[in-house]
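Here's the letter readout for the chains.
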Amino acid sequence: MTISTVGFIGLGKMGSGFVSRLIDEGYSVVGYDIEAAHCDAAKARGADIAGSPAAVAARSDLIQICVTTSAAVEAVVLGENGIAEVDQGGDKIVIDHSTTELETTRRLAAELERRSGMPFVDAPVSGGPGAAAEGRLAIMAGGAAEAIAAVRPVMERLGQFTHMGDVGAGQATKLINQALVLSNYCVIAEACNLGNRFGIDVSKIPEALSSGYAGSNLLNDLLPRMVESDFEPRGYARQILKDLHMLQDAANALNVAMPMAGMANSLYSMLIAQGKGELDGAAIVTLLEDQARQGNAQGA
């Protein structure tokens, strides 16, 4: 399978990074988004814009999806003017980079192949828009070996691409990623707040701990933004809460206890209740800072 034209559906923060990277790597990109502003921005980068997911699929060898909810993925794949309306057999492959519910993923994959013959790969990512634009994403994939082999040359230009198993294995791995990352958002916020209370220069923490066990990519990226109160969204706090709910539902179905992720769920629920859902997830530090101020006021 030769891939020269890539379709990309979902041209928001993550999608824009993907599109920039694909164009830089020499692929022709056909895009679609329900937001006109996102389409205009992608067009300015050099992408062609199509009028529907079906129109994207008709013009592309590979169709990539990066949208915000499982319902949106289903609409793109099976809805009116969706990808499944294009009958091209095994000549095209669909990849979903969204964080999508496991059962939805498996059902969409089976129905897409039944309707159109297209293989489906679930390949959620971690790393954020900057990593997408620079080809540094962690990409965890589920799908048939033949489909994985066909898309690997493209995926390896986007980041570290790991085949985890059959359809659904990528989403299962992403949930593990979210358990690790989103719980650590809260832990790093606690550490930031503690450092501030000690009166030390918290901005030096990543450097001070870099060679020890506490050093990490996440600490290096997240703590400086917390220190600077830089909550311009790389991703939205409301999306973090959505992912935590998805993680909790999956764990409950398996009777797996997730107490740390459960606490992160509670903290982000409180943050969203404060009207901060459109901020970056780093804004969780403000919740702990507010609690500290309240404690000081009560003790005074």
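What you see is a predicted model; the values in this text were computed from it and never measured. (Residues numbered from 1 in each chain as written. Predicted model: local features only at pLDDT ≥ 70, side-chain atom pairs only at ≥ 80, totals over all residues. Heavy atoms only, no water.)

Structural notes on the overall build of the protein
Condition: By the criteria applied, helices consist of DSSP H or I runs no shorter than four residues and strands consist of E runs no shorter than two, each listed in order from the N terminus. For the exposure calls, accessible area comes from a 1.4 Å probe over protein chains only, and a residue counts as buried if that area is under 20% of its type's maximum, exposed if over 50%, partly exposed in between. Note on definitions: a residue-residue contact is assigned when non-hydrogen atoms from the two residues lie within 4.5 Å. Surface accessibility in these figures is a Shrake-Rupley result with a 1.4 Å probe; residues are shielded only by whichever protein chains are displayed. Counted as positive: Lys and Arg. Counted as negative: Asp and Glu, with His and the chain ends omitted from the count. A charged residue contributes its charge at one atom only: NZ of Lys, CZ of Arg, CG of Asp or CD of Glu.
Looking only at helices and strands, the protein features 13 helices and nine strands. Counting only residues that meet the buried cut, the protein has 49% of its 300 residues in that class. Intrachain contacts of the protein at a sequence separation of at least 6 include 66% that bridge at least 24 residues. Summing over all exposed atoms, the protein offers an accessible surface of approximately 13,900 Å²; the carbon and sulfur share of this is 51%. Averaging the coordinates of the 22 positive side-chain charges in the protein and doing the same for the 35 negative ones gives two points 3 Å apart.

Some words on the packing of aromatic side chains
What counts here: For Phe, Tyr and Trp, where Trp contributes only its six-membered ring, two rings pair if their centres lie within 6.5 Å, and the inter-plane angle classes them as stacked under 30 degrees, edge-to-face over 60, or tilted in between. Here, a charge over a ring is recorded when the distance from Lys NZ or Arg CZ to the ring centre is within 6 Å and its angle to the ring normal is within 35 degrees.
Applying the stated rule across the entire model yields one aromatic pair. Plain terms: the ring middles of Phe8 and Phe18 are 5.0 Å apart, the flat faces sit at 35 degrees to each other, and that makes the pair tilted. Residue Phe8 is found in strand S1 (residues 5-9), and its partner Phe18 is found in helix H1 (residues 13-24); the two are separated by ten residues along the sequence. Each member of the pair, Phe8 as well as Phe18, is classed as buried. Taking NZ or CZ as reference, Arg238 lies 4.3 Å from the ring centre of Tyr236, over its face.

Looking at the UniProt feature "active site" (unreviewed entry) in the protein
Filter applied, for reference: UniProt positions are given in the numbering used here, feature names are shortened, and annotations may be inferred rather than shown by experiment.
Feature annotation in UniProt places "active site" (unreviewed entry) on Lys174, given in this structure's numbering. Non-local contacts of Lys174, meaning those with residues more than four positions away in its chain, are made with Thr99, Pro124, Val125 and Met140.

What about the UniProt feature "domain: 3-hydroxyisobutyrate dehydrogenase-like NAD-binding" (unreviewed entry) in the protein?
The feature "domain: 3-hydroxyisobutyrate dehydrogenase-like NAD-binding" (unreviewed entry), as given by UniProt, occupies residues 168-288 in the numbering adopted here. Between the C-alpha atoms that bound residues 168-288 there is a distance of 35 Å. The span itself is 69% helix and 0% strand.

A short note on the pattern of salt bridges
The criterion, for reference: A pair is scored as a salt bridge if a Lys or Arg side-chain nitrogen falls within 4 Å of a carboxyl oxygen belonging to Asp or Glu.
Tallied over the entire structure, the rule returns 14 salt bridges. Among the ionic pairs, Arg59 bridges to Asp48, the shortest N-O distance being 3.4 Å. Of the two residues, Arg59 sits in helix H3 (residues 53-59) while Asp48 sits in strand S3 (residues 48-49), which places them eleven residues apart along the sequence. For Arg59, a relative accessible area of 43% gives the class partly exposed. With relative accessibility at 44%, the residue Asp48 sits in the partly exposed group. Between Arg238 and Glu278 there is a salt bridge, with its nearest N and O atoms 2.7 Å apart.

Some remarks on helix H5 (residues 102-116)
Side chains of residues three or four places apart in an α-helix project in the same direction, reflecting 3.6 residues per turn. Condition: In this analysis, the expected span of each helix is defined as 1.5 Å times one less than the number of residues it contains.
Its 15 residues give H5 an end-to-end C-alpha distance of 21 Å, which sits within 8% of 21 Å, the value for a rise of 1.5 Å per residue. Summarising the contacts, the buried residues of H5 are in contact with helix H4 (70-78), strand S5 (93-96), strand S6 (120-122) and helix H8 (169-198). Note on H5: the residue one or two positions beyond its end, Gly117, has a positive phi of about 80 degrees.

Overview of the domain arrangement of the protein
Rules: Residue ranges assigned to each domain were obtained from an automatic or database domain assignment. Once two parts are put together, the accessible area they lose, assessed with a 1.4 Å probe and summed over both, is termed the buried area. Side-chain atoms alone can form a polar contact between residues adjacent in sequence; in general such a contact is a pair of N or O atoms within 3.5 Å, and within protein one must be able to donate a hydrogen while the other accepts it. The residue classification treats Ala, Val, Leu, Ile, Met, Phe, Trp, Tyr, Cys and Pro as nonpolar and Asp, Glu, Lys and Arg as charged. All others, Gly included, are polar.
Its domain assignment divides the protein into domain 1 (5-167) and domain 2 (172-289). Taking only C-alpha atoms, the centre of domain 1 and the centre of domain 2 are 27 Å apart. At the junction of the two partners, domain 1 supplies 13 residues and domain 2 supplies twelve residues. Between domain 1 and domain 2, roughly 1,100 Å² of surface is buried when both sides are summed, and carbon and sulfur atoms account for 63% of that area. Taken together, the links from domain 1 to domain 2 amount to zero salt bridges. In this assembly, domain 1 and domain 2 are joined by six residue pairs in polar contact (both at pLDDT 80 or more). Grouping the amino acids of the side of domain 1 that touches domain 2 by side-chain chemistry returns six nonpolar, five polar and two charged.

A short note on the pairing of strand S9 (residues 159-165)
Note the cut-off: Any two strands are treated as partners once DSSP identifies two or more bridges connecting them.
Summarising the sheet, strand S8 (residues 137-142) and S9 pair through six bridges and their orientation is parallel. Looking at the pairing, Ile139 lines up with Phe161 of S9.

Some details on the nonpolar core
The condition that has to hold: Among buried residues, those of type Ala, Val, Leu, Ile, Met, Phe, Trp, Tyr and Cys that are joined through side-chain atoms within 4.5 Å constitute a nonpolar core.
Among the nonpolar cores identified, the biggest contains 33 residues, and Phe18 and Leu62 are the most heavily contacted of them. Within the residue set of this core, elements represented by two or more residues are S1, H1, helix H2 (36-45), S5, helix H6 (128-134), S8 and helix H7 (145-155). Examining the composition of this core, we find that six residues originate from one element, H7, more than from any other. Within the second largest apolar cluster, 32 residues are counted, among which are Ile188, Leu247, Ala282 and Leu288.

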